[in-house]
Amino acid sequence: MAAAATADPRRVRNTCILAHVDHGKTTLADHLVASCGDGLVHPRLAGRLRFMDYLDEEQRRAITMKSAAVVLHHAGHRVNLIDSPGHIDFCSEVSSAARLSDSALVLVDAVEGVHIQTHAALRQAFLERLRPCLVLNKLDRLISELHLTPAEAYTRLHRIICEVNSIYSALRSHSYFSLLSSIEDQPSSASSSSPDELPEEVDEDEEDAFQPQKGNVVFACALDGWGFRIHQFAEFYAAKLPSINANALLKGLWGPRYFNKKKKMIVGKKGMEGGDAQPMFVEFVLKPLWQAYQGVLSENGELVKKVITNFNLHVPQRELQNKDPKVVLQAVMSRWLPLADAVMTMVVECTPDPVAAQGVRVARLMPKREVVSEDAASCREVVEDAERVRSCVEACDMSEDAPVVVYVSKMFAVPYKMLPFKGVDGELLNHQGANESEECFMAFARVFCGVLRAGQKVFVLSPLYDPTKGEAMQKHVQEVELQYLYEMLGQGLRPVSSVGAGNVVAIQGLGHHILKSATLSSTKNCWPFSSMMFQVSPMLKVAIEPSNPADLGALVKGLKLLNRADPFVEYTVSHRGEHVLAAAGEIHLERCKKDLEERFAKVKLVVSDPLVSFKETIEGDGLALMESLKAPQEFVERTTPNGRCTVRVQVLRLPNALIKVLEESEQLLGQIIEGKTSKRNGVLDPHLSQDDGDSAATLRQRLISAIDSELEAFSEQVDKEKIERYRNTWLGYLRRIWSLGPWQVGPNLLLLPDVKSSDSVITTQDGRQGILVRGRSHVSERLGFVCGSDAEANNDLDDNEPSAHTHESLHLESVALRNCILSGFQLATNAGPLCDEPMWGLVFVVEPYVYSDHSDVANHSEQYNIFSGQVITAVKEACREAVLQNKPRLVEAMYFCELTTPTEQLGATYAVLSRKRARVLKEEMQEGTSLFTVHAYLPVAESVGFSNELRSVTAGAASALLVLSHWEAIAEDPFFIPKTQEEIEEFGDGSSIGPNLAKKLMNTVRRRKGLHVEEKVVEHGTKQRTLAKKV
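If you're wondering where the values come from, they're calculated on a predicted model, not measured in any experiment. Along each chain, the written sequence defines residue order, and numbers are assigned to residues from 1. Totals for whole chains, interfaces and linings use every residue, but because this is a predicted model, local features are given only for residues with pLDDT of at least 70 and side-chain atom pairs only at 80 or more, for both listing and counting. Values reported for side chains reflect all heavy atoms of the structure, with hydrogen atoms and water molecules removed beforehand.

Caption draft 1: Representation of the overall build of the chain. The helix and strand inventory of the chain stands at 33 helices and 35 strands. Here the chain holds 1031 residues, and the buried ones make up 55% of them. In the chain, the proportion of contacts linking residues at least 24 apart, taken out of those at least 6 apart, comes to 75%. All accessible-area figures derive from a Shrake-Rupley calculation using a 1.4 Å probe, and residue coverage is judged against the displayed protein chains alone. Just so you have it, the chain exposes about 45,600 Å², and 50% of that area is on carbon and sulfur atoms. Segments assigned H or I by DSSP are reported as helices when at least four residues long, segments assigned E as strands when at least two residues long, and all are numbered from the N terminus. The buried label applies to any residue whose accessible area, calculated with a 1.4 Å probe on protein chains only, is under 20% of its type's maximum; exposed applies above 50%, and partly exposed to all values in between. Every residue pair with non-hydrogen atoms within 4.5 Å of one another is taken to be in contact.

Caption draft 2: Highlighting the nonpolar core. By size, the foremost hydrophobic cluster in this structure holds 68 residues, and its most contacted members are L142, F219, F281 and W336. The residues that make up this core include at least three from each of domain 1 (8–176 + 209–225 + 339–360) and domain 2 (230–337). Working definition of a nonpolar core: buried Ala, Val, Leu, Ile, Met, Phe, Trp, Tyr and Cys residues. They are joined through side-chain atoms within 4.5 Å. The next biggest cluster of nonpolar side chains, apart from the first, holds 62 residues, and it includes L662, F785, I970 and M1002. Bear in mind that the domain bounds are from an automatic or database domain assignment.

Caption draft 3: A look at the packing of helix α2 (residues 25–36) against helix α14 (residues 339–350). Running from amino to carboxyl end, α2 crosses α14 at an angle of 90°, the nearest separation of the two axes being 9 Å. The angle between α2 and α14 places the two elements in the roughly perpendicular class. Two secondary-structure elements touch here, α2 through L28, H31, L32, S35 and C36 and α14 through L339, A340, V343 and M344. Gly is put with the polar residues, along with every residue not named as nonpolar or charged; the nonpolar set is Ala, Val, Leu, Ile, Met, Phe, Trp, Tyr, Cys and Pro, and the charged set is Asp, Glu, Lys and Arg. For the contact of α2 with α14, the class distribution of residues is seven nonpolar, two polar and no charged. Helix axes are fitted to C-alpha atoms over the stretch in contact, other axes to C-alpha atoms as well, and angles between N-to-C directions run from 0 to 180 degrees. An angle below 35 degrees is read as roughly parallel, one above 145 as roughly antiparallel, one from 65 to 115 as roughly perpendicular, and any other as oblique.

Caption draft 4: Broad picture of helix α18 (residues 552–565). Here, expected helix span is obtained from the residue count minus one, scaled by 1.5 Å. Its 14 residues place the ends of α18 20 Å apart at the C-alpha level, agreeing with the 20 Å of an ideal helix rising 1.5 Å per residue. Of all the positions in α18, only L555, G558, L559, L561, L562, N563, R564 and A565 are classed as buried.

Caption draft 5: Representation of helix α24 (residues 720–734) within the structure. A rise of 1.5 Å per residue sets the reference length of α24, with its 15 residues, at 21 Å; its end C-alpha atoms lie 21 Å apart and thus fit the reference within 8%. Looking only at α24, the buried set comprises I723, Y726, W730, L731, Y733 and L734. In a view along the axis of α24, the buried residues occupy a sector of 155°, so they form one face of it. Arc definition: directions from the helix axis to the C-beta atoms.

Caption draft 6: A look at the pattern of salt bridges. A pair is scored as a salt bridge if a Lys or Arg side-chain nitrogen falls within 4 Å of a carboxyl oxygen belonging to Asp or Glu. By the definition in use, this model includes 27 salt bridges. D102 serves as the salt-bridge partner of R446, at 2.8 Å between the closest nitrogen and oxygen. Linking R446 in strand β11 (residues 439–449) with D102 in the loop between α4 (91–99) and β4 (103–109), this pair joins segments that are 344 residues apart in sequence. Take R446: its relative accessible area is 0%, and that puts it in the buried class. Of the residues examined, D102 reaches a relative accessible area of 1% and is grouped as buried. Its salt-bridge partner being E619, residue K887 comes within 3.6 Å of it at the nearest N-O pair. Remark: E619 occurs in the loop between β24 (614–618) and α20 (623–630) and K887 occurs in the loop between α29 (857–884) and β32 (888–902); sequence separation between them is 268 residues. Each of R99, D102, E128, R361, R364 and R446 takes part in a single network of salt bridges with overlapping partners.

Caption draft 7: Just the side chain of K916, in detail. By the secondary structure assignment, K916 is in the loop between α30 (906–915) and β33 (919–925). The class of K916 is buried, set by a relative accessible area of 12%. Between N or O atoms, a polar contact is any pair within 3.5 Å; within protein, one atom must be a potential hydrogen donor and the other a potential acceptor, and residues adjacent in sequence are included only when both atoms are from side chains. Of note is the side chain of K916, whose polar atom sits 3.5 Å from the backbone oxygen of E942. With residues up to four places along the chain from it excluded, the contact list for K916 reads L938, P939, E942, V944, F946 and E949.

Caption draft 8: A look at unusual backbone geometry. Phi angles above zero are rare outside glycine, and D22 is one such case at about 65°. On the secondary structure map, D22 appears in the loop between β1 (12–19) and α2. One non-glycine residue, K602, lies in positive phi territory at about 60°. Summarising the element assignment, K602 is placed in the loop between α19 (586–600) and β23 (605–607).

Caption draft 9: Structural context of the sheet that holds β23. Here, strands pair whenever DSSP counts at least two bridges between them. If you trace the four strands from one edge of the open sheet to the other, you get β21-β22-β20-β23, paired in antiparallel fashion. Edge positions in the sheet fall to β21 (570–573) and β23, since each of these pairs with one other strand and no more. Strand-to-strand twist in this sheet, taken as the mean axis angle between neighbours without regard to direction, amounts to 30°. The pairing of β21 with strand β22 (residues 579–583) spans four bridges and is antiparallel. Bridge pairing links Y571 to L581 in β22. Across the sheet, α19 touches β20 (540–546), β22 and β23, and the angle it forms with β22 is around 130°.

Caption draft 10: Spotlight on the confidence of the model for the chain. Within the chain, residue pLDDT values average 77, and 81% of them lie at 70 or more. Confidence of the prediction at every residue is given by pLDDT, a number between 0 and 100. Per-residue pLDDT, averaged within each element of the chain, yields its smallest value for helix α26 (residues 788–800) (49) and its largest for strand β5 (residues 131–137) (93). Here residues 179–205 is modelled with pLDDT under 50, and outside its nearest four sequence neighbours on either side it reaches 40 contacts, counting other chains as well. In this model residues 856–864 is a low-confidence stretch, pLDDT under 50, and it forms six contacts with partners more than four residues away in sequence or in other chains.

Caption draft 11: Spotlight on the pairing of strand β19 (residues 518–521). Burial along β19 is two-sided: A518 and L520 facing one way and T519 and S521 facing the other are all buried. Here strand β10 (residues 405–415) pairs with β19 via four bridges, running antiparallel. Across the sheet, the residue bridging to Y407 is T519, located in β19. Sheet analysis places strand β13 (residues 457–461) next to β19, joined by three bridges and oriented antiparallel. The residue of β19 that forms the bridge with L461 is T519.

Caption draft 12: Highlighting the environment of E479. Take E479: it is sitting in strand β14 (residues 477–481). Considering only alpha carbons, one finds E479 and K524, 45 residues apart in sequence, at a separation of 9.5 Å. When sequence neighbours within four positions are dropped, the list of residues in contact with E479 reads K457, V458 and F459.

Caption draft 13: Just the side chain of H476, in detail. Among the secondary structure elements, H476 is positioned in the loop between β13 and β14. Given the relative accessible area of 16%, H476 is considered buried. Filtering out sequence-adjacent residues up to four positions away, H476 remains in contact with V460, L461, S462, L464 and Y465.

Caption draft 14: Seen up close, the packing of aromatic side chains. Pairing of aromatic rings covers Phe, Tyr and Trp, the last through its six-membered ring, and needs centres within 6.5 Å; plane angles under 30 degrees mean stacked, over 60 mean edge-to-face, and all others mean tilted. Overall, the coordinates contain 22 aromatic pairs when judged by the stated rule. Summarising the aromatic geometry, the rings of F236 and Y237 are spaced 5.3 Å apart at their centres and angled 75° between planes, so their arrangement reads as edge-to-face. Accessibility assignment for this pair places F236 and Y237 in one class, buried. On the numbers, 5.0 Å between centres and 55° between planes, the contact of F448 with F529 is tilted. Of this pair, F448 sits in strand β11 while F529 is found in the loop between β19 and β20, placing the two residues 81 residues apart along the sequence. There is no split in this pair, since F448 and F529 are both buried. When the NZ atom of lysine or the CZ atom of arginine is within 6 Å of a ring's centre and also within 35 degrees of its normal, the charge is said to sit over that ring. Over the ring of Y407 we find R99, and its NZ or CZ is 5.1 Å from the ring centre. If you follow K615 out to its NZ or CZ, it ends over the ring of W967, 4.5 Å from the centre.

Caption draft 15: Region of interest: the packing of α30 against helix α31 (residues 946–953). Their axes nearest at 9 Å, the elements α30 and α31 cross at an angle of 150°. Between α30 and α31, the angle is such that the two are roughly antiparallel. Considering the relative orientation of α30 and α31, their crossing is right-handed. Residues A908, T909, V912, L913 and R915 of α30 form the contact with α31, whose own contacting residues are F946, E949, L950 and V953. Residue composition of the contact of α30 with α31, grouped by class: six nonpolar, one polar and two charged. For any pair of crossing helices, the crossing counts as left-handed if the nearer helix is rotated counterclockwise from the farther one by less than a right angle, and right-handed if it is rotated clockwise.

Caption draft 16: Representation of the pairing of strand β28 (residues 748–751). Every second residue of β28 is oriented toward a common face, with N748 and L750 on one face and L749 and L751 on the other, all of them buried. With four bridges connecting them, strand β27 (residues 737–741) and β28 associate as antiparallel partners. Bridge pairing links I737 to L751 in β28. Here β27 folds back onto β28, and the loop between the two strands holds six residues, one of which, W743, carries a positive phi near 65°. With three bridges connecting them, β28 and strand β31 (residues 842–851) associate as parallel partners. Bridging across to β31, L751 finds its partner in V845.

Rendered as structure tokens:
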């Protein structure tokens, strides 16, 4: 199989199938494999076999749970097709498939239309710079289920294409304007912007991305195996209408174009004399389709024969006489409009080859790195080599001297018994240490440059690798000898000796060297690929333990294997020793549990109730937040046990719009502040693309815009002077950001104290002198709110001024204590006072003062380490106490829920939503059906068992899809006790207060973490009563 290595990359296509769940991705893949897969699937089984869903769990649930690849051949081209899941729980598999592809087939159900995962698929394709093509599937349902006329069907199809174009256009325009704002913000950098930093097709932004005339839209019914592009009808009618050429017909077959039969011309609406004229797409395309379906379903042989005669079809009489109408339909339609021909021709003609695609995608895959001038001087050769490798990737170079660059998007497990035992030339393959019951980990990868060969030695580069750092990066690079290479054929694997640039491959021999994803290179002087972006983050956490404690070792080993096999699962050990597994949702968690029990650990498991995450904040939103800025805030004061440091803390609430920007930009903030990726996985951000100009300038603009949008909402209720004053106040805060927390990238700010409101030198009552410990506005400086020279000048002022009045050692000690202040802030924001959950959306102004010590120097030096610990504790406790004194609130995560239910089950659906504390946003009826689509917000804490309860109550008629939406504060006070006169009159002594939801959730978390819970066995005791009636 040397063809994989020597094939011209210009005759290769890499495409993935993206869509909402149950829109027909795997059925479409079946027909493509049956027609172009060299006999992997028999045509009669296409659509029913679901060849790409080879896992037992996938067949049982009838949904795809992992991305799988297969090699197809069409018209002299080699097509690597990757089928991906549509369920939100497996969005990581979609990211893995998109990273290895150059184009995407976006499927949309013609009946259900655009759904939430359709938006996600288009956004994923845009961020990965894939060329999208559209497939409108399930057209048969418009005829057999909805009984639409051809004209009504055209209206529906036209509306869906317009909606998809609108979504994609919004993505393109937002990216374009983000880049424009960054260029306007820093005009000096505009001239240095390279063409590959511009969003794809910006110059064609006014043109729709999906147009049937361009050939990138297929109308199909994957179940019956037929589909077409309007090109096929244009060519057919051009032969019958010699007065009109094929190009004119092609343009006329979509849109408001009509055929004037008298003049034999294509005209607009005004050119038609009759009022009942129908568009050419209805007249020439849909009507023959409707005739074929109606003829077969109504057993009208004349209609069927008319279609067969008009389009010169050759259908065996035996198949036409079959008593099953579905068989007759498939026989006629698959010969008339073969699905695989239409889709594969579109893929070959409308999608780019690897050479063209990598030239566009390289800015996303390997963004240009800024090398510090000091480093550049010492390692100029390394930088030049790395740039040469990048240019080879951009050109998809597969010459002999080209470096080998491969990206591994995920690791997947295959039982050793499923591996081929014979190699390319028939030799026996030696799978070292192979045990039939064990799993072999294969790398799901693509060669972007050079030729990869079996047995070759390559370097495995982690995402944090930096070639300019030399020896300091040894832990992020390792040399590995590859074992075997395979072509992927669904579940099957075909050994190959080498694989050329632009091809997808499975690699054996990397199981112990790659955890989830990595870059492989034949040279160390190579930048790693950028990290993949995920639509959501794993929110559902459970504690897992074996039924038999003796099996704990097997469980730990199995969890590590699962962590490697699943790109999205997270495995951690809590401070209490629990083995915690984080999954995307219930279905994902069930699959992980099944894999552990049957494949990786092979032990019986006990799974806890979900460990739902919460956050902590203080009261204040909207106008209340603006009023809180007007009133002077009280400081909370804490002093260290030795009396040498006093910490004063003030807490404020961030505006919601600002919190949202900080949360969405966590990964980018980590890169800007620390020069490396943040601790958490990247999540898809529709507003930011990492290659859109100056990231810091773009983020700075978004933070300012967030403040403006928050204030704009109250512009009618508050006068302009106040709004301007509030705006200046918040902009002032953004110029004083010392740090973010938790993990240096969270949505909480640590501000420097206001220099004007605090003196550098103070005198206490006992005569001791002290100074204010001031840091540097490090984050504000990195984001560009403060110039580096200004920050340095302020820092020098702080360093020099106290030394004139205080002892030099006191000043040095204040400088050394800055890290203690930061550590205390990070600890406080990582574990709040309510239930040790992270804080959310808070601003802390910390004023730490350090005083001189009159004890002897020797004792002071011995006590210094203890003193630094006391300062950390004081800062942490002061921050937590400040939150408690400012009306603390619990914050819970919310899912966006999209429900589909028939009209008769709408009441039962609303009852379930009500029990789960859901907030309904809107409901709308799907046009032409009896189905309702309901949008609602559902608390994550209530989502466990939601889908099962919904199915049982509605007898399986309703289905729901949950996507993490946002965090929302619970309005109730967890410590509410009637205090004011009005509260006492309403609630009395508290016995008439209903259940406190916030307190209940808080106590649940505290009890789980082993924290103290204040509970009374009898809340409100009354005299016991019996049922006996004594006279």
